[in-house]
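Take a look at the letters that make up each chain.
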Amino acid sequence: MSAVPDPPPVTRHRPSTESLRDRLPDFPWDKLEPYKKTAAAHPDGIVDLSVGTPVDPVPDLIQKALVDAADSPGYPTVWGTPALRDAITGWVQRRLGAREVTHRHVLPIVGSKELVAWLPTQLGLGPGDRVAFPRLAYPTYEVGARLARAGHEVYDDPTELDPEGLKLLWLNSPSNPTGKVLGKAELTRIVAWAREHGVLVFSDECYLELGWEADPVSVLHPDVNGGSYDGIVAVHSLSKRSNLAGYRAAFLAGDPEVLAPLLEIRKHGGMMTSAPTQAAVVAALSDDVHVHEQRERYAARRTALRAALLDHGFRIEHSEASLYLWATRDESCWATVAHLADLGILVAPGDFYGTAGAHHVRVALTASDERVTAAVARLTRR
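Residues numbered from 1 in each chain as written. Predicted model: local features only at pLDDT ≥ 70, side-chain atom pairs only at ≥ 80, totals over all residues. Heavy atoms only, no water.

### What about the overall build of the chain?
Okay, step 1: Within the chain, the regular secondary structure consists of 13 helices and 13 strands.
Okay, step 2: For 382 residues, the compact-globule estimate of 2.2 N^0.38 gives 21 Å, and the C-alpha radius of gyration of the chain, at 23 Å, lies within 12% of that figure.
Okay, step 3: For the chain, the C-alpha atoms occupy an extent of roughly 90 × 70 × 50 Å along the three principal directions.
Okay, step 4: Put simply, the chain has 382 residues, and 53% of those count as buried.
Okay, step 5: Once local pairs closer than 6 in sequence are excluded, the contacts in the chain between residues at least 24 apart make up 75%.
Okay, step 6: Entry remark: accessible area of the chain is about 17400 Å², with carbon and sulfur atoms responsible for 54%. (Helix = DSSP H or I, 4+ residues; strand = E, 2+ residues; numbered from the N terminus. Rg over C-alpha atoms; globule rule 2.2 N^0.38 Å. Buried < 20%, exposed > 50% of the residue type's maximum accessible area, 1.4 Å probe, protein only. Contact = heavy atoms within 4.5 Å. Areas by Shrake-Rupley, 256 points an atom, 1.4 Å probe, with all protein chains shown as cover.)

### Side note on unusual backbone geometry
Okay, step 1: Each neighbour pair has its own omega, and for serine 173 with proline 174 the value is -5°, a cis peptide bond.
Okay, step 2: As for its placement among the helices and strands, proline 174 is situated in the loop between β5 (166-172) and α7 (184-196).
Okay, step 3: Of note, the phi angle at arginine 248 is positive, near 55°, even though the residue is not glycine.
Okay, step 4: Within the element layout of this structure, arginine 248 appears in the loop between β7 (232-237) and β8 (250-254).
Okay, step 5: Phi is positive for histidine 318, which is not a glycine, with a value near 50°.
Okay, step 6: Position of histidine 318 among the secondary structure elements: in the loop between β9 (315-317) and β10 (324-328).
Okay, step 7: Relative accessible area serves as the criterion here: at 41%, histidine 318 is assigned to the partly exposed category.

### Comments concerning the sheet that holds β10
Okay, step 1: Pairing within the open sheet is antiparallel, and its four strands lie in the order β9-β10-β13-β12. Each edge of the open sheet is held by one strand with a lone partner, namely β9 and β12 (348-349).
Okay, step 2: Where β10 meets strand β13 (residues 361-364), four bridges bridge the pair, whose relative direction is antiparallel. The residue of β13 that forms the bridge with alanine 327 is valine 361. (Pairing = 2+ DSSP bridges.)

### Observations regarding the packing of aromatic side chains
Okay, step 1: A complete count under the given rule lists ten aromatic pairs for this structure.
Okay, step 2: With a centroid separation of 6.4 Å and 55° between ring planes, the pair formed by phenylalanine 352 and tyrosine 353 is classed as tilted.
Okay, step 3: One aromatic cluster is present, built from ring pairs that chain together Trp29, Tyr35, Trp334, Phe352 and Tyr353.
Okay, step 4: Taking NZ or CZ as reference, arginine 329 lies 5.7 Å from the ring centre of phenylalanine 314, over its face.
Okay, step 5: Directly above the ring of tyrosine 324 sits arginine 362, whose terminal nitrogen or CZ lies 3.8 Å from the centroid. (Phe/Tyr/Trp six-rings, centres within 6.5 Å; stacked < 30°, edge-to-face > 60°. Lys NZ or Arg CZ within 6 Å of the ring centre and 35° of its normal.)

### Some words on helix α5 (residues 112-122)
Okay, step 1: Burial analysis of α5 places eight of its eleven residues in the buried class, the great majority of the element.
Okay, step 2: Every buried residue of α5 is accounted for by Ser112, Glu114, Leu115, Val116, Ala117, Leu119, Pro120 and Gln122.
Okay, step 3: Glycine 124, located one to two residues past α5, shows a positive phi value of around 80°.

### Side note on the side chain of threonine 159
Okay, step 1: Position of threonine 159 relative to the elements: it lies in the loop between β4 (151-155) and β5.
Okay, step 2: Of note is the side chain of threonine 159, whose polar atom sits 2.9 Å from the side chain of arginine 189.
Okay, step 3: When near neighbours in sequence (up to four residues on either side) are disregarded, threonine 159 contacts Arg189, Ile190 and Trp193. (Polar contact = N/O pair within 3.5 Å; in protein donor to acceptor, adjacent residues only side chain to side chain.)

Take a look at the structure:
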C-alpha cells in the first residue's frame, strides 16, 4: 500500500496593518507619560489639566432619559428617531440662529472625533485631493486626511490657499487649542471664498457655547451664509456643554446634499448612535439650564487658573472661548511641561497641535474645583 503524501503546508494570510500605521503620526499623548508620573508623585497628588475630559456629573434629567430608554432591544437607526431630529433642528434654530432647518439638514454622529477622523474617507477623498486645517489645530484633522491618503496642509488664512484640488476645508471656532474665535465678518468672507472656488467647508463648533470674552457665531447663521447652507456643514458635540463625553453624542447640521450621501455611507457602516444615547440627547438639547450651570463652573475655574498662571509669570494668548488657556513663558513647551510637572500639575505641550505651538502649553479647565484650588495654591506659592 502506497504511502499517502503529506498535505501541502497551509499558508495563513494575515491582514497587514503596516501600511495603515505608516500613514499615521505617532500618538502624541504617549510622550507625556514620564511627566504624568512626575506630577503624580507630588505629595498632594496630581492636578491633571492636560486632557479636556469632563469631570462634573451628567445632569439628572439626562441620566433619567438614558435610563428610561434602557430597554431598547432593537437596532437604532443611523438617522436617529424623529424626536432626536426635532431636538437637533430646534436647537440649531434656537441657539445658533439658523433658519428653515429640516430633518434633511441634520445627521447624528457617534461623537465628533470619529467623524473628523473618517470624514475624508467617507467623502471619497484620496490621493490628489487636499484637506486644509488651521496651523494650530486638533490633531485628528490631519489623521483624517492621512487615513484617506489625501494630502493635507495648514493655513493662517484659508483664503490664501490654492483652491486647486482643495476638497475639504476645516474651520475651528472656538479653536482647540487656542480658544481663538473667528468673528462674523471673517467667517462670512471665508464662506464666500470657499463657495466661489467650490471648496466644501466643515466648521468644528464644538466649543461654541463656551465663549468668555467673545460671542462665537456659527456658519449656520444667516448673516454668515446669506440664508443658504450650500457647501457648509457645522459639527457640534454634547461632550463639553452637557458632560456627555462618555455617551459619544454629536451631530452635523448643514447642506442636505452633503449629509444625504454621508447618511447612506454610515448606514452601510453601521455607524449608529445607541437608542438610549439618542433619548439622552433629546433631553440635553431641550434644556438650557444645565448648560448655564456648567458654564458657571467653568467660568469660575477659568478665572482662578488664569489669575494664578499670570501671577506665576505666564502670558495668556487668545483663550477668549473654549475650555482651555493657551499659555506661554516664552520657552520650549516641554520645559514648561516639566516645570509644572514638578509642581504636580500636568498640562498639554503646545506642539501636540502643530509646530507653531512649540512655546505654549494648553491648560484645561476640566478638573474638579478641589483640584483647581490645589493648582492655584501651587502656582501662587512663593
